[in-house]
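# Structural characterization, general
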Amino acid sequence: MIHVIAVITAKPGQRATVLAHFNANVPAVRAEKNCIEYGAAVDLDPALKFQAAFGPDSFVVIEKWESPEALKAHAAAPHMAAYAAKTKDLLAERKIHILQPA
């Protein structure tokens, strides 16, 4: 199993729009073979004293996949290409971290 943490930063004021597109795509992703977990999260508000916030324009995608091959298939899925086309002009930055259990 692999874990993916993707930090998505929208252009100022565009996070809600990007999240709407993301959430519309979630059922298709969760239906993919070998998808274990897939969802978005935002900073807890109000923040805790020890919290390091991502900020108002960012959200984090938390994913789990059976294998690197499953993640590659996900990245090549037509619904992901459609999501990317809808959001490409709304994003400021995207950082993807691919991890394995320690």
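Each remark here, short or long, concerns the structure printed above.
Being a predicted model, the structure only gives us computed values, none of them experimental.

### A word on the layout of surface pockets
To find leftover empty space, a probe the size of one water molecule is rolled over the atoms. By volume, the largest pocket is sized at about 410 Å³. Sorting the residues of the lining of the largest pocket by element identifies strand S1 (2-10), strand S3 (58-65), helix H2 (68-75), helix H3 (78-87) and strand S4 (91-99) as the ones contributing at least two each. In terms of residue count, H3 provides more of the lining of the largest pocket than any other element does, five residues in total. Here the lining of the largest pocket is composed, by residue class, of 15 nonpolar, two polar and four charged.

### Observations regarding the side chain of serine 58
Mapped onto the elements, serine 58 comes out in strand S3. Overall, the relative accessible area of 6% leaves serine 58 in the buried class. Setting aside anything within four residues of it in sequence, one finds serine 58 in contact with Ile8, Thr9, Arg15 and Val42.

### Considerations on the packing of helix H1 (residues 15-30) against H3
One can describe the packing of H1 onto H3 by two numbers: an axis separation of 10 Å at closest approach and a directional angle of 175 degrees. Here H1 lies roughly antiparallel to H3, going by the angle between them. Of the residues in H3, those touching H1 at Val18, His21, Phe22, Asn25, Ala28 and Val29 are His79, Met80, Tyr83, Lys86 and Thr87. For the contact of H1 with H3, the per-class residue count stands at six nonpolar, four polar and one charged.

### With respect to the pairing of S3
Of all eight residues in S3, six are buried, a share of seventy percent or more. Sheet topology note: the S1/S3 ladder contains eight bridges and is antiparallel. Residue alanine 6 lies in a different strand from S3, and its bridge partner there is valine 61. Two elements, strand S2 (residues 35-41) and S3, share six bridges in a ladder whose sense is antiparallel. Counterpart to glutamate 37 in the pairing with S3 is lysine 64.

### What to know about the packing of aromatic side chains
Per the stated rule, a full pass over the model turns up three aromatic pairs. Judged by centre distance (5.8 Å) and plane angle (65 degrees), the ring pair of phenylalanine 22 and phenylalanine 59 falls under edge-to-face. Taken together, the residues span a long stretch of sequence, with phenylalanine 22 in helix H1 and phenylalanine 59 in strand S3 at a distance of 37 residues. No difference in accessibility class separates phenylalanine 22 from phenylalanine 59, as the two residues are buried. Centre to centre, the rings of phenylalanine 22 and tyrosine 83 are 6.2 Å apart; their planes meet at 75 degrees, and the pair counts as edge-to-face.

Parameters at a glance
- Each chain has its residues counted from 1, running along the sequence as written.
- Selection of residues for local features in this predicted model requires a pLDDT of at least 70, selection of side-chain atom pairs for listing and counting requires 80 or more, and totals for whole chains, interfaces and linings are taken over all residues.
- To get the side-chain values, all heavy atoms of the structure are used, and hydrogens and water are removed first.
- Of the two site types, the cavity is a set of points on a 1 Å grid over the protein atoms alone where a 1.4 Å probe fits but cannot get out, and the pocket is an open set with protein on both sides within 12 Å along at least five of seven lines, each lined by residues with an atom within 4 Å of a point.
- Grid points are joined across faces, edges and corners, and a volume is the space filled by probe spheres set on the points.
- Under the DSSP-based scheme used, a helix requires at least four consecutive residues in state H or I and a strand at least two consecutive residues in state E, with every element numbered from the N terminus.
- We call Asp, Glu, Lys and Arg charged. Ala, Val, Leu, Ile, Met, Phe, Trp, Tyr, Cys and Pro are nonpolar, and the rest, Gly among them, are polar.
- The buried label applies to any residue whose accessible area, calculated with a 1.4 Å probe on protein chains only, is under 20% of its type's maximum; exposed applies above 50%, and partly exposed to all values in between.
- Residues count as neighbours in contact if any of their non-hydrogen atoms are within 4.5 Å of one another.
- Where helices are involved, their axes are fitted lines through C-alpha atoms of the stretch in contact, as for all axes, and angles between N-to-C directions lie from 0 to 180°.
- Geometric relationships in this document are graded by angle, where less than 35 degrees denotes roughly parallel, more than 145 denotes roughly antiparallel, 65 to 115 denotes roughly perpendicular, and other angles denote oblique.
- Following DSSP output, two strands are said to pair if at least two bridges run between them.
- The pairing test for Phe, Tyr and Trp rings, Trp by its six-membered ring, is centres within 6.5 Å, and the orientation test on the planes gives stacked under 30 degrees, edge-to-face over 60, and tilted for anything in between.

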